[in-house]
Every structure is written in C-alpha cells, then in structure tokens.
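So you can see what is in the structure, the chains are spelled out below.
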Amino acid sequence: METDLSRVTLRPFSLTDAHDFLRWASDVRVTGNLRWQTFTSEEEALVFIRDVCLPHPWRRSICIDDRSIGFISVFPETGDDRFKAHIGYGLSHEYWGKGIATRAVSIAVPQVFNDLPHVLRLQAFVQTQNKASQRVLEKVGFQREGLLRKYSYVKGEIHDVFVYSLLSSDLLPLP
Amino acid sequence: MEIDSCTLKAVSSSPSEKIHLRPMTLSDIDDFMVWATDINVTRFCTWEPCTSREAGIAYINSFVLPHPWLRAICLDDDRAIGSISVTPVDSIRGEIGYVIGSKYWGKGIATEAVRLVAAEIFKEKPEMERLEALVDVDNIGSQKVLEKVGFVREGVMRKFMCLKGNVRDMVMFSFLPSDSLL
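These numbers were taken from a predicted model, which means no experiment stands behind them.

### Comments concerning the overall build of chain A
And step 1. For chain A, the helix and strand inventory stands at five helices and seven strands.
And step 2. Counting from the amino terminus, chain A carries its helices and strands in the arrangement β-α-α-α-β-β-β-α-β-α-β-β.
And step 3. For chain A, the C-alpha radius of gyration of 16 Å lies close to 16 Å, the compact-globule estimate for 175 residues.
And step 4. Considered along the principal axes of its C-alpha atoms, chain A spans approximately 45 × 40 × 40 Å.
And step 5. When each of the 175 residues of chain A is scored for burial, the buried share is 49%.
And step 6. Entry remark: accessible area of chain A is about 8,900 Å², with carbon and sulfur atoms responsible for 53%.

As structure tokens, this is what we get:
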C-alpha cells in the first residue's frame with residue numbers, strides 16, 4: 001500500500017506525544033542501533049520528552065497525520081567543533097520500507113541548515129549491516145566517505161560503521 | 001602553493017639514526033622550543049608557534065606533563081627532537097599525533113616513532129580497540145608516514161576539523177590490534 005508522503009511532517013515533540021512515542025520507542029528493532037534506551041512505560045516516555053526532547057538543540061517528531069511515528073535529531077558538537085553536527089533518526093517498524101524516513105530526512109536537512117547556520121557538516125555513522133539506513137542517506141544525497149573500523153561503541157558492542165556526510169555547500173542554491 | 005619540505009625527500013625505510021621514546025620533562029624545554037617555534041612544524045598543528053620560553057614552560061606544565069600518554073622522540077644522545085602522543089577519544093579509541101623538528105624530516109624518524117607506538121600501545125592499553133589518526137588532506141608527508149607503518153586509510157572526511165580558524169578536509173587512518181605492521 002502506497003503511503004501518501006505528503007502526510008509526513010516534522011514538528012517538535014510535545015508531552016502529549018508520550019503514548020505514541022512509547023509505541024515505537026519500546027521496540028528494540030527501532031532502538032537497537034541507537035544509543036537510546038528501549039522505553040518500557042509512558043512515565044519514562046513523558047520524562048524523556050520533557051527532559052531530553054524539549055530542550056534538545058534540534059529534535060523533531062516524524063509524524064503521519066500529526067501522530068508521532070519516529071524522530072530525527074541533529075546534535076551539533078561543542079566549542080571549535082560546533083560546525084559539525086550528528087544526525088540520527090528512528091522510525092516505527094510498521095512504517096519501514098515506504099520511503100518515509102527518506103522523506104523526513106529530506107525535509108529536515110534544509111530546515112537544519114537554516115535553523116543552525118553555523119553548521120557546515122552533517123554527519124551520520126551507520127553500522128555496516130544497516131543497509132536500509134544507508135539507502136536513506138544516499139537517497140537524500142549524503143556522501144559515503146569511508147568505512148571506520150571499530151569506531152562505534154554502543155550498548156557494550158563495538159561496530160564498524162560507514163561515515164556519511166552532507167555539507168551545507170552540497171545543497172543546490174534555491175532558484 | 002607552499003611545498004612541505006618532507007614531501008621532496010625520500011623517506012628511508014629504516015631511520016638513519018636510531019630513536020627511542022621516553023617521557024618528556026621540563027628539562028626538555030630548550031629542545032622543545034626548537035620545534036615549537038618553527039612555523040613549518042606547526043603548520044598542520046592546531047596550535048600556533050610558541051612565542052616565549054615562559055609560554056613553552058606553561059605549555060609543558062599544562063598540557064605535556066598531565067597528558068595520559070605522551071613521549072619525547074629522542075636520538076642516541078637522549079635529546080628530544082619531537083614528541084608523539086596517544087590521546088583517548090572514548091573508552092575504545094585513541095588518537096595518535098606527532099611532531100618532529102624540521103631539521104629531522106625525511107629520515108624516517110616519524111615513521112619509526114609511529115611504528116614503535118603502534119607495536120606497543122595495545123599492550124599498555126588493552127582496552128584500546130582502535131588507534132586512529134586524522135591528517136590534513138594537504139599534509140602528504142604525514143599521510144606517507146602512516147601508510148608506511150601499515151595504517152589503513154579509511155577515507156576523506158570533508159570539513160571535519162577546524163585548524164587555526166579554517167575548516168579542513170581530513171584523511172582518517174586507523175590501526176587495529178589485529179592489523180600487521182609493515
């Protein structure tokens with residue numbers, strides 16, 4: 001069934017997303033690759049939205065019909081490195097394989113460069129076996145720069161990752 | 001365009017002079033000043049050339065002595081001609097960096113120093129899974145050093161590091177405990 005991708009929108013999280021948030025954030029298929037914990041209760045979700053999502057420099061809920069089905073985060077580094085920002089995203093499993101993550105990241109990228117004008121480089125580190133996420137980044141126009149061996153230490157495991165980047169200078173100027 | 005002197009000379013496969021590594025101390029200050037004031041040496045370093053002996057002493061006290069792993073690179077007479085360090089990035093990764101006085105370029109000294117560190121560091125730091133190096137795309141001499149030792153060139157990270165106010169493309173290299181030294 002084709003999903004009408006115009007139904008995909010991004011917006012900041014709100015506390016009222018806690019129930020929908022829990023639906024996908026309790027799913028280890030979604031959280032397994034992330035540094036995020038796997039959530040187990042609406043209380044945990046509420047606290048996390050309040051204490052982490054709301055004050056976050058740039059985090060958006062991926063929505064269909066304004067209901068949260070995932071997230072995109074952009075986290076700039078600090079000090080001299082603040083021109084670099086890490087992008088990460090997660091999507092409810094029932095919405096995989098429909099082009100939604102690609103659409104969401106495509107919407108996010110120009111917004112991010114506009115909202116965070118000091119950011120010159122967006123980067124993503126994707127585990128080598130996570131081919132679906134690699135395809136999302138490639139479709140959006142990220143460049144794969146290389147394979148970083150034993151680079152990522154997440155939840156007690158060490159992984160090889162592909163590093164991808166998109167520079168603000170990669171974006172075509174608006175006509 | 002400025003030509004780096006070490007790219008013009010052939011680097012020998014083994015150094016013409018034997019080197020060893022040892023901890024640096026404040027008594028190395030005068031030898032330190034020789035390379036730390038040299039603009040050719042600091043070209044790809046994040047720091048500017050040192051402007052006074054007092055500033056050099058302050059740098060040794062505040063950065064060199066407390067560093068978790070930093071060694072002077074010495075010739076037979078035990079005088080320091082440069083330094084090499086491994087800085088933890090996180091619990092499993094360390095970043096190698098090195099600086100050699102320009103008078104000693106082109107003799108395979110940096111290569112030998114990096115080789116010594118790559119051979120020993122994983123025994124000293126068994127938690128380290130990855131030794132990495134970030135080299136400016138224009139710093140061909142340093143890229144050759146790492147390649148000669150057996151580091152793997154993983155790719156060019158675009159606009160990855162801010163060097164003296166300019167955002168630079170950097171080449172990422174790594175060496176793992178399972179890799180072979182060349």
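### Points about the overall build of chain B
And step 1. When its secondary structure is counted, chain B shows five helices and seven strands.
And step 2. From first element to last, N terminus to C terminus, chain B shows the α and β order β-α-α-α-β-β-β-α-β-α-β-β.
And step 3. Here the C-alpha atoms of chain B give a radius of gyration of 16 Å, agreeing with the 16 Å that 2.2 N^0.38 yields for 182 residues.
And step 4. Projected onto its principal axes, the C-alpha positions of chain B cover 40 × 40 × 35 Å.
And step 5. Taking all 182 residues of chain B together, 49% fall into the buried category.
And step 6. Across chain B, contacts joining residues at least 24 apart in sequence account for 64% of those joining residues at least 6 apart.

### Examining the UniProt feature "domain: N-acetyltransferase" (unreviewed entry) in chain B
And step 1. Within this numbering scheme, the UniProt entry marks residues 19-177 of chain B as carrying the feature "domain: N-acetyltransferase" (unreviewed entry).
And step 2. With 31% helix and 34% strand, the stretch residues 19-177 of chain B has end C-alpha atoms that lie 23 Å from each other.

### Re the pattern of salt bridges
And step 1. Taken as a whole and judged by the stated rule, the model has 28 salt bridges over all chains.
And step 2. In this structure, the salt-bridge partner of Arg7(A) is Asp65(A), at a minimum N-O distance of 2.8 Å. Of this pair, Arg7(A) sits in the segment before strand S1 (8-11) while Asp65(A) sits in the loop between strand S2 (59-64) and strand S3 (67-76), and the two are 58 residues apart along the sequence.
And step 3. Judged by its relative accessible area of 36%, Arg7(A) is partly exposed.
And step 4. Connected via shared salt-bridge partners are Arg149(A), Asp90(B), Arg93(B), Arg130(B), Glu132(B), Glu154(B) and Asp179(B).

### As for the confidence of the model for chain B
All names here are of chain B.
And step 1. Confidence in the prediction for chain B averages 92 pLDDT; 91% of positions are at 70 or higher.
And step 2. Here residues 1-12 scores under 50 on pLDDT; set against residues more than four positions off or in separate chains, the count is 22 contacts.
And step 3. For this predicted complex, the interface confidence comes out at an ipTM of 0.92, alongside a pTM of 0.91.

### Quick notes on the interface of chain B and chain A
And step 1. At the interface, 23 residues of chain B touch 23 residues of chain A.
And step 2. Together, the buried faces of chain B and chain A total about 1,900 Å²; carbon and sulfur atoms form 54% of this surface.
And step 3. If you sort the residues of chain B by the area they bury against chain A, Arg158(B), Lys159(B) and Phe160(B) come out on top, with a joint share of 36%.
And step 4. Inspection of the region where chain B meets chain A yields four salt bridges.

### A word on the layout of surface pockets
By rolling a water-sized probe across the atoms, one finds the places where empty space is left.
All names here are of chain B.
And step 1. When its volume is computed, the second largest pocket comes out at roughly 200 Å³.
And step 2. Listing elements by their share of the lining of the second largest pocket, those giving two or more residues are helix H1 (29-36) and strand S3 (80-88).
And step 3. With three residues, H1 is the largest single contributor of residues to the lining of the second largest pocket.

### What to know about the packing of helix H4 (residues 109-124) of chain B against helix H5 (residues 140-149) of chain B
Residues and elements named next belong to chain B.
And step 1. The interhelical angle for the contact between H4 and H5, taken along N-to-C directions, is 45°, at an axis separation of 9 Å. The orientation of H4 relative to H5 falls into the category oblique. Considering the relative orientation of H4 and H5, their crossing is right-handed. Across the interface between the two elements, Ala110, Thr111, Val114, Arg115 and Ala118 from H4 touch Val145, Leu146, Lys148 and Val149 from H5.

### With respect to the UniProt feature "domain: N-acetyltransferase" (unreviewed entry) in chain A
And step 1. Feature annotation in UniProt assigns "domain: N-acetyltransferase" (unreviewed entry) to the following positions: residues 8-167 of chain A.
And step 2. Along residues 8-167 of chain A the backbone is 31% helical and 36% strand, and the end-to-end C-alpha distance reaches 24 Å.

### As for the nonpolar core
The nonpolar side chains of a soluble globular protein tend to be buried with one another.
And step 1. Ranked by internal contacts, the top residues of the largest apolar core, which has 46 residues, are Phe32(B), Ile96(B), Leu131(B) and Phe151(B).
And step 2. Counting residues per element, this core draws most heavily on H4(B), at eight residues.
And step 3. Discounting chain neighbours no more than four positions away, the residues touching Ile96(B) are Ile84(B), Ser85(B), Val86(B), Val114(B), Val117(B), Leu131(B), Glu132(B), Ala133(B) and Phe151(B).
And step 4. Judged by nonpolar contacts, the second largest core, of 32 residues, contains Val8(A), Leu91(A), Ala124(A) and Leu137(A).

### Details of helix H3 (residues 42-53) of chain A
Residues and elements named next belong to chain A.
And step 1. Within the span of H3, buried status applies to Ala45, Phe48, Ile49 and Cys53. With its buried residues spanning 100° around the axis, H3 presents them on a single face.
And step 2. Contacts from the buried residues of H3 go to helix H1 (18-25) and S2.

Cut-offs used in this document
- Residues numbered from 1 in each chain as written.
- Chains lettered and ligands numbered in written order.
- Predicted model: local features only at pLDDT ≥ 70, side-chain atom pairs only at ≥ 80, totals over all residues.
- Heavy atoms only, no water.
- Helix = DSSP H or I, 4+ residues; strand = E, 2+ residues; numbered from the N terminus.
- Rg over C-alpha atoms; globule rule 2.2 N^0.38 Å.
- Buried < 20%, exposed > 50% of the residue type's maximum accessible area, 1.4 Å probe, protein only.
- Areas by Shrake-Rupley, 256 points an atom, 1.4 Å probe, with all protein chains shown as cover.
- Contact = heavy atoms within 4.5 Å.
- UniProt positions renumbered as here; feature names shortened; annotations may be inferred.
- Salt bridge = Lys/Arg side-chain N within 4 Å of Asp/Glu carboxyl O.
- pLDDT = per-residue confidence, 0-100.
- Buried area = accessible area lost by both parts, 1.4 Å probe.
- 1 Å grid on protein atoms, 1.4 Å probe; cavity = no way out; pocket = protein on both sides within 12 Å on 5 of 7 lines; lining within 4 Å.
- Points joined across faces, edges and corners; volume = space filled by probe spheres on them.
- Axes fitted to C-alpha atoms, helices over the stretch in contact; angles between N-to-C directions.
- Parallel < 35°, antiparallel > 145°, perpendicular 65-115°, else oblique.
- Left-handed = near helix turned anticlockwise from the far one by under 90°.
- Core = buried A, V, L, I, M, F, W, Y, C linked by side-chain atoms within 4.5 Å.
- Arc of directions from axis to C-beta.

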